[in-house]
Amino acid sequence: MKKKESVIVPTPLGILKTQFGYEAFRHQQDEIIQTVLDGRDAFVLMPTGGGKSLCYQIPALIFEGVTVVVSPLIALMKDQVDALRMNGIAAAYLNSSLDFLEQDEVVARLCRGELKLLYVAPEKLFASGGAFLGVLREISVSLFAIDEAHCISQWGHDFRPEYFHLARLKKEFPEVPVIALTATADHLTQEDILEKLGLQEPRVFVSSFNRANIHYFVVPKQDSYEKLVEYLHKHKGESGILYTLSRKSTETLAARLSADGFSAKPYHAGLDTGVKDKHQELFQKDKIQIIVATIAFGMGINKSNVRFVVHMDLPKNLESYYQETGRAGRDGVRSEALLFYGSGDVMKLKRFASVEGNPEQTRIMLRKLGQMADFCELRTCRRKHLLNYFGEETPDTCASCDVCLTEYETYDATVTAQKAISAVVRLEERFGLSYVVDFLRGSKSEKIKEEHKELKTYGVGADISKEEWMRSIKELVGMGYLRQAGDQYPLLALTNKSLAVLKGETKVMLVKPISTTKVETVEEPYEEELFGALKSLRMEISQKEEVPAYVIFSDATLLELATYLPLSLDDMQRISGFGEVKTARYGETFLKCVTTYCNEHKLDSKISEKISSGRKRVRDIKPVINETKSETLRMFREGKTVPEIATVRDLTASTIENHLASFLALGEVKITDLVPQEKIGVIQKALGKNGYLPLKYLKDTLGDDYSYGEIRAVIEATKQGIIV
Ligand code: ADP
Ligand code: ZN
C-alpha cells in the first residue's frame, strides 16, 4: 500500500476527471478516498447509485499494487470490470462463471502485476485450502474492498455464509486497509459488520438516504391495468421494473402487456435458471423494455438506466419498498416510483404476515405492514415520511412526490361527517371501517347483515365513492371525530367530539385533492430527437462490443450531450462521463452524431451554459404560475377581495387563497396582503417548531377568527423563509 514514488502522484480529483470524466466528487467520496489513501479502514453506508465504487476504484489507481474487491454478485462483477476497461483501467474478475483456463489466465496476470483491480467472489478468496490467499501474499495487495458488506451479518436480510470467512482477512493481512461498503444496514447490522470484519478504528461514513432523483407516486389500485398501460405509453422506450406479489401474476401480466404491444418478460424464482438469466440479460441489454418480477429480481442487477419501478401490489414493508424503488435511477437521472394501492392488499398481506408459532415475529411483520399502508394513505410528503422512518430528518416538502404535487382544497364536510357518525351509532360501534363504508353506500353484499339493511342510515352515502368514504372517515379519525378501537380488527367508535357534530354544533372541514399540477419540475430543455439518436448509437456500439448499453455511457451522459450540444472534442470532454479513454474511443462517433443534428436543425452549442463545476445542474423546482393563478392575481391587484374573486371566478375562497399564497415566493404578493399583521405572530406561535402540522389541527387550535387561507399563507411564507 505504498504510494507511487514517481514524481507526479496523481490526485484523486485528477483521476476522477481524466479516467472517469467526472468533474466533482459526490457525497463524501473525497473524504472517503482520502481516508483509504491514509491507510485507514473505512465503513461506507451510501444509498444505491450514490457512487460507492469510486471510493475504492480511485485509491486502487493511486496505490501501487492491486486492489481486491470482494463482491457476491457475479453478473455485477462483469459489468463493473467492463465499465472499468472502457475507461482504460486494467481490471479482471475471478468467479465460477470462468472456466479453469480463464481463471488461470487471470491469476497469471495478477502475478505479473498487470492488474489494478481484481474482483473476486468470496468463496474464491478462500478456495483451494487458502492457496489463493497465498498468491495474494506473494504479490502486493494495496486494499481490500468489501462490497455489499451487510452480507456478513446475520442481522441483515441477506446473510451469505461465504462472507463469514472474510473475518479472517484482517488477521491474515493486518497491514492492508479494508473498506467495507453497503447500501443497506440498520444500526445493529452496521455494528455487526465492523465487528465481524475486525476493522481497526474505522472511520464511518453515512450518507443521506434521500434519492432525490426518484419521484414517488401512489395511486388507487382501481383499474390498475388501464392506468399502467397509460403510464407505459408515456414512458415509451424507457426501461422499467414492475413488481407483483405472486409468481403467477408476473407471468400473466407480462403476457398481457406483450399482447398489448409492449416488450415485457416475467422473472421469478420458480423459472428455470436458463430462462431467468435470459430474461435478465434481455432487460439488461435494453432488448426488452419491461421486466415483470417478484422481489426475487433485483439483487444482482446493476442496470443504471431503470427509469421507473412500479409496484402493482403493496410491498410488505417500507424497507422493501425503499430497496425496490431504489433500483430506479442509479445514473442520477430523473426516475419514478409508482405504487398502486388498494386496502384489499393489506388484508391479503396480513395473512402472509403471520409466522406460525412465532407471535413476536408476527407482531413485528404486522406492524411493518401497517406502516407501509400508512405511507400510502399519507397526506404529507412521502419522501419525508420514508426518510424519517429510516431516522433521517428532512424538510417538510419535497416537490417531487404526489402529495407535494397535489393541490388540496378544504371543503365543508359536516354532512358527510354526520352520516358517518350516525352510521357508527346505528351499528353500535361494533364494525370496522370497510363494513361501515359498505353500509353507508348501501352495498347489496351478503356481508351486510339483513337487519342493518333495514336501518335508516343504510345507503345514505351512496353518492360518494368507496375510496372517498375511506379517505374521509380516516380523516375524521385523524381529527378525533371518530376513533378506531381494538388492535387487529379495529372497530369504529365514537369520541367525545362526535356528538357535537351530530347535533350540528360543530362544523367539520375536510380536504380533498383538486389538481395535481401545483408544481412541476422545470427540466432543462434538451433535444429529445437527438437524445433518441444518441441512444440508438449507443445501442449499436453496445451490441458490437457485447456489453450493456449503460456500460458505454450512462443516460445521464447522453442527456448532457443532448442538452449542451458540444461541437468539438474539447467541449465534449466537459460532458460528465467523457474521460480521456472514452473520449479517444468514442468521442468522434458521438461528436459526429451531435454535429450532424445541430447542422440539420441549425442549432448552436450550449456548452458555455454548462455550469463549470461540471455537476449536473440541479433541476430546480419552481411553482408553475398558470393562467388561472395569474388571473386571480390580476383581480387581487385591482383591489377585489378574496370572496369577491371567488364569486366572480366561481371558485372556492380557499382556492383563491391558495392561488395568492403561491405568489408569496415570487414576491408578487406580500404576506401582510393576505394576513393582518397582528395575526401573523399568533399563527406562527401555533405552528411552533413543528412547522407543518395538519392544517385542521391548527385551525382547531386557533379558532374561528383565523381562516384556513390565513393559516396556509403563514405556513407558506415560513417555509419560503419570507417570515421567520
Ligand atoms: P453504488 O455502487 O453506490 O450504487 P455506483 O458506484 O455504481 O453506485 O455509481 C452510480 C453511478 O454514478 C455510476 O454510473 C457512476 O459512474 C456515477 N458516479 C459516481 N460518482 C460520480 C461523480 N462523482 N460524478 C458523476 N458521476 C458519478
Ligand atoms: Zn413530497
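Going by what an unreviewed UniProt entry lists, the protein is known as DNA helicase RecQ. Note on the protein: under the UniProt heading Catalytic activity (unreviewed entry), the record states "Couples ATP hydrolysis with the unwinding of duplex DNA by translocating in the 3'-5' direction." We quote the UniProt Sequence similarities (unreviewed entry) comment for the protein here in full: "Belongs to the helicase family. RecQ subfamily."

**Some words on the coordination of the zinc ion (ligand 2)**
Taken together, the protein donors to the zinc ion (ligand 2) comprise Cys381 (SG), Cys398 (SG), Cys401 (SG) and Cys404 (SG), at separations of 2.3 to 2.4 Å. Metal-centred angles of 101 to 119° between the four donor atoms at the zinc ion (ligand 2) mark the site as tetrahedral. Read N to C, the donor residues that coordinate the zinc ion (ligand 2) are spaced as C-x16-C-x2-C-x2-C. One end of the pair, Cys381, is in the loop between α16 (359-376) and α17 (382-389); the other, Cys404, is in helix α18 (residues 402-405), with 23 residues separating them in the sequence. In terms of burial, Cys381 and Cys404 fall into one category: buried.

**Observations concerning a nonpolar patch on the surface**
Residues Val425, Leu499 and Leu502 make up a contiguous nonpolar surface patch of about 230 Å² in total accessible area. Tracing the backbone shows Leu502 in helix α23 (residues 498-502).

**Looking at the site of ligand 1**
Ligand 1 sits among 14 residues. The nearest are Tyr22, Ala24, Gly49, Lys52 and Ser53. One of the side-chain N or O atoms of Tyr22 is found 2.6 Å from an oxygen atom in ligand 1. Partitioning the shell around ligand 1 into residue classes produces five nonpolar, six polar and three charged.

**Focus: the side chain of Ser304**
Summarising the element assignment, Ser304 is placed in the loop between β11 (290-293) and β12 (306-311). Its relative accessible area of 12% is what places Ser304 among the buried residues. What Ser304 contacts, discounting residues up to four positions off in sequence, is Gly329, Arg330, Asp331, Tyr550 and Ser554.

**As for the pairing of strand β2 (residues 66-70)**
Within β2, five of the five residues are buried, which leaves the element mostly enclosed by the surrounding structure. When β2 meets strand β5 (residues 141-146), the two strands line up parallel, connected through five bridges. For Val68, the partnering residue across the bridge sits in β5 and is Phe144. Where β2 meets strand β4 (residues 117-120), four bridges bridge the pair, whose relative direction is parallel. Pairing of Val70 across the sheet is with Val120, part of β4.

**Some details on the pattern of salt bridges**
With the rule as written, the count across this model stands at 29 salt bridges. Across the salt bridge formed by Lys474 and Glu377, the nearest N and O atoms sit 2.5 Å from each other. With a gap of 97 residues between them, Lys474 in helix α22 (residues 466-478) and Glu377 in the loop between α16 and α17 connect regions that are remote in the sequence. We note a salt bridge from Glu450 to Lys453, for which the minimum N-O separation is 3.6 Å. Of this pair, Glu450 and Lys453 are both found in helix α21 (residues 450-453), three residues apart, which corresponds to roughly one turn of the helix.

**A few points about the packing of aromatic side chains**
A complete count under the given rule lists 15 aromatic pairs for this structure. A network of ring pairs unites the aromatic residues Phe209, Tyr322, Tyr389 and Phe390 as a single cluster. The ring centre of Phe173 lies 5.5 Å from the NZ or CZ of Arg137, which sits over that ring. One residue, Lys303, lies across the ring of Phe283, its end atom 5.1 Å from the ring centre.

So, how was this worked out
- Residues numbered from 1 in each chain as written.
- Chains lettered and ligands numbered in written order.
- Predicted model: local features only at pLDDT ≥ 70, side-chain atom pairs only at ≥ 80, totals over all residues.
- Heavy atoms only, no water.
- UniProt positions renumbered as here; feature names shortened; annotations may be inferred.
- Donors = N, O, S within 2.8 Å, 3.2 Å for Na, K, Ca; no water.
- Tetrahedral: all angles 85-135°; square planar, octahedral: opposite > 155°, others 65-115°.
- Helix = DSSP H or I, 4+ residues; strand = E, 2+ residues; numbered from the N terminus.
- Buried < 20%, exposed > 50% of the residue type's maximum accessible area, 1.4 Å probe, protein only.
- Patch = residues over 30% accessible without salt bridge, like charges linked within 9 Å, V, L, I, M, F, W, Y side chains within 5 Å.
- Areas by Shrake-Rupley, 256 points an atom, 1.4 Å probe, with all protein chains shown as cover.
- Salt bridge = Lys/Arg side-chain N within 4 Å of Asp/Glu carboxyl O.
- Near = heavy atom within 4 Å.
- Polar contact = N/O pair within 3.5 Å; in protein donor to acceptor, adjacent residues only side chain to side chain.
- Nonpolar A, V, L, I, M, F, W, Y, C, P; charged D, E, K, R; others polar.
- Contact = heavy atoms within 4.5 Å.
- Pairing = 2+ DSSP bridges.
- Phe/Tyr/Trp six-rings, centres within 6.5 Å; stacked < 30°, edge-to-face > 60°.
- Lys NZ or Arg CZ within 6 Å of the ring centre and 35° of its normal.

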